[in-house]
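Coordinate inspection notes
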Amino acid sequence: MARVVVDVMLKPEILDPQGQAVQRALPRLGFDGISDVRQGKRFELEVDGPVDEAALARIHELAESFLANTVIEDFTVKVEEVAEAVK
Amino acid sequence: MTARIGVVTFPGSLDDRDTQRAIRIAGAEPVALWHKDKDLKQVDAVVLCGGFSYGDYLRAGAIARFSPVMESLIEQAKAGLPVLGICNGFQILTEAHLLPGTMLRNNHLHFICRDQKLRVENDRTAWTSDYSAGQEIHIPLKNIDGQYVADERTLDELEAEGRVAFRYLDVNPNGSLRDIAGVTNEAGNVVGLMPHPEHAVESLIGTGRTDGLPFFTSILKKLVNA
């Protein structure tokens with residue numbers, strides 16, 4: 001079994017009001033020197049069977065059509081091997 | 001025979017009954033449609049109403065866009081079926097790529113509920129012919145994911161083609177680019193807007209104005225004359 005991680009972030013040119021709200025709170029909490037915060041989403045997909053090229057292609061399609069809205073968001077797909085690693 | 005206008009109920013829809021009521025007041029017959037049915041019951045037009053379909057998890061409207069009823073609706077909207085998306089319905093239409101752009105969280109991050117002034121920019125759509133271009137109306141607005149965004153090229157295209165259907169006046173309540181409150185597709189059969197015309201159809205209720213009623217009389221007139 002493997003885990004595939006899809007990270008979704010707002011595109012750089014899109015205003016991220018949630019990230020800004022977090023960033024504005026930082027000085028109040030005593031964290032200085034952080035000039036920008038952007039908030040994204042992380043999806044962890046547990047995949048049955050091998051994560052071969054076909055499986056990755058399907059996950060890519062899933063990310064593009066559903067997990068991310070490509071009008072405003074970019075995404076990355078990466079494989080994280082878990083438990084019984086490749087022998 | 002009177003026109004039959006479908007209203008889809010998703011889990012989390014809130015304004016289905018108000019929308020049905022507005023349709024009835026305009027003189028058409030509302031038809032309840034269920035998100036799990038592919039069957040559109042041969043309605044003459046469809047309204048996707050406000051609310052928080054599937055809890056707005058993932059993104060507003062993103063999960064509803066893949067419900068069985070939307071399969072039929074997307075196909076028929078492309079073939080010319082009139083579809084109006086109000087608030088969450090607008091979000092669903094953008095997620096389905098029937099309308100351009102998308103909605104972000106309001107720029108101030110607060111849920112907003114106010115009587116909103118709008119200008120009708122396009123009176124040639126299936127849902128706006130009973131208004132005149134340039135007309136100023138007041139209808140209620142209530143949302144948290146109402147900030148309309150699209151890339152510059154898309155915005156320029158929308159402006160050039162007259163597809164900005166409504167613009168916010170006096171106050172931009174959510175940071176929407178170019179004060180856009182609603183847009184239409186190229187053919188003018190699909191229209192989406194954030195404010196709620198179905199909440200402004202009776203003088204006894206709410207703000208006392210009936211500025212939202214022309215949406216429903218516009219479509220009725222179109223269907224009856226068709």
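Residues numbered from 1 in each chain as written. Chains lettered and ligands numbered in written order. Predicted model: local features only at pLDDT ≥ 70, side-chain atom pairs only at ≥ 80, totals over all residues. Heavy atoms only, no water.

Moving on, we come to the packing of helix H1 (residues 16–26) of chain B against helix H5 (residues 213–225) of chain B. Residues and elements named next belong to chain B. Two elements in contact, H1 and H5, have axes separated by 9 Å at closest approach and are oriented at 60 degrees. By the angle class used here, H1 and H5 are oblique. Remark: the crossing between H1 and H5 carries right-handed chirality. Here Ala22, Ile23, Ile25 and Ala26 of H1 come into contact with H5, specifically with Leu213, Phe216, Thr217 and Leu220. Counted by class, the contact of H1 with H5 contains seven nonpolar, one polar and no charged residues. (Axes fitted to C-alpha atoms, helices over the stretch in contact; angles between N-to-C directions. Helix = DSSP H or I, 4+ residues; strand = E, 2+ residues; numbered from the N terminus. Parallel < 35°, antiparallel > 145°, perpendicular 65-115°, else oblique. Left-handed = near helix turned anticlockwise from the far one by under 90°. Contact = heavy atoms within 4.5 Å. Nonpolar A, V, L, I, M, F, W, Y, C, P; charged D, E, K, R; others polar.)

Glancing now at the side chain of Ser218 of chain B. Residue and element names in this part refer to chain B. Along the chain, Ser218 falls in helix H5. A distance of 2.8 Å separates a polar side-chain atom of Ser218 from the backbone nitrogen of Asp130. A distance of 2.6 Å separates a polar atom in the side chain of Ser218 from the backbone oxygen of Pro214. Discounting chain neighbours no more than four positions away, the residues touching Ser218 are Ala126, Trp127, Thr128, Ser129 and Asp130. (Polar contact = N/O pair within 3.5 Å; in protein donor to acceptor, adjacent residues only side chain to side chain.)

Before going further, it helps to spend a moment on a nonpolar patch on the surface. A cluster of nonpolar side chains, contributed by Leu29, Phe31 and Ile34 of chain A, occupies part of the molecular surface with about 320 Å² of accessible area. If you trace the backbone, Phe31 of chain A turns up in the loop between helix H1 (17–25) and strand S2 (41–47). (Patch = residues over 30% accessible without salt bridge, like charges linked within 9 Å, V, L, I, M, F, W, Y side chains within 5 Å. Areas by Shrake-Rupley, 256 points an atom, 1.4 Å probe, with all protein chains shown as cover. Salt bridge = Lys/Arg side-chain N within 4 Å of Asp/Glu carboxyl O.)

Another aspect to go through is the nonpolar core. Grouped together as the largest cluster of nonpolar side chains are 68 residues, with contacts concentrated most on Leu48, Met70, Leu84, Trp127, Tyr148 and Phe166 of chain B. The element best represented in this core is H5 of chain B, accounting for six residues. Setting aside its immediate chain neighbours within four residues, Leu84 of chain B contacts Val46, Val47, Leu48, Leu93, Trp127, Val191, Leu193, Phe215 and Phe216 of chain B. Core analysis: the second largest hydrophobic core is formed by 13 residues, Val4, Val6 and Ala68 of chain A together with Ala62 of chain B among them. (Core = buried A, V, L, I, M, F, W, Y, C linked by side-chain atoms within 4.5 Å. Buried < 20%, exposed > 50% of the residue type's maximum accessible area, 1.4 Å probe, protein only.)

Residue and element names in this part refer to chain B. Mapped onto the present numbering, the UniProt feature "active site" (unreviewed entry) falls at Cys87, His196 and Glu198. A compact arrangement is adopted by the annotated residues: their sequence extent is 112 residues, whereas the largest C-alpha distance between any two is 11.0 Å. By the element assignment, His196 lies in the loop between strand S11 (190–193) and H5. What His196 contacts, discounting residues up to four positions off in sequence, is Asp15, Gly50, Ile86, Cys87, Ile139, Pro140 and Lys142. (UniProt positions renumbered as here; feature names shortened; annotations may be inferred.)

Residues and elements named next belong to chain B. Summarising the sheet, strand S6 (residues 112–120) and strand S7 (residues 136–143) pair through eight bridges and their orientation is antiparallel. Across the sheet, the residue bridging to Asp115 is Pro140, located in S7. As judged from the three bridges shared by S6 and strand S9 (residues 164–168), these two strands associate in the antiparallel manner. Bridging from a neighbouring strand, Leu118 pairs with Tyr168 of S9. (Pairing = 2+ DSSP bridges.)

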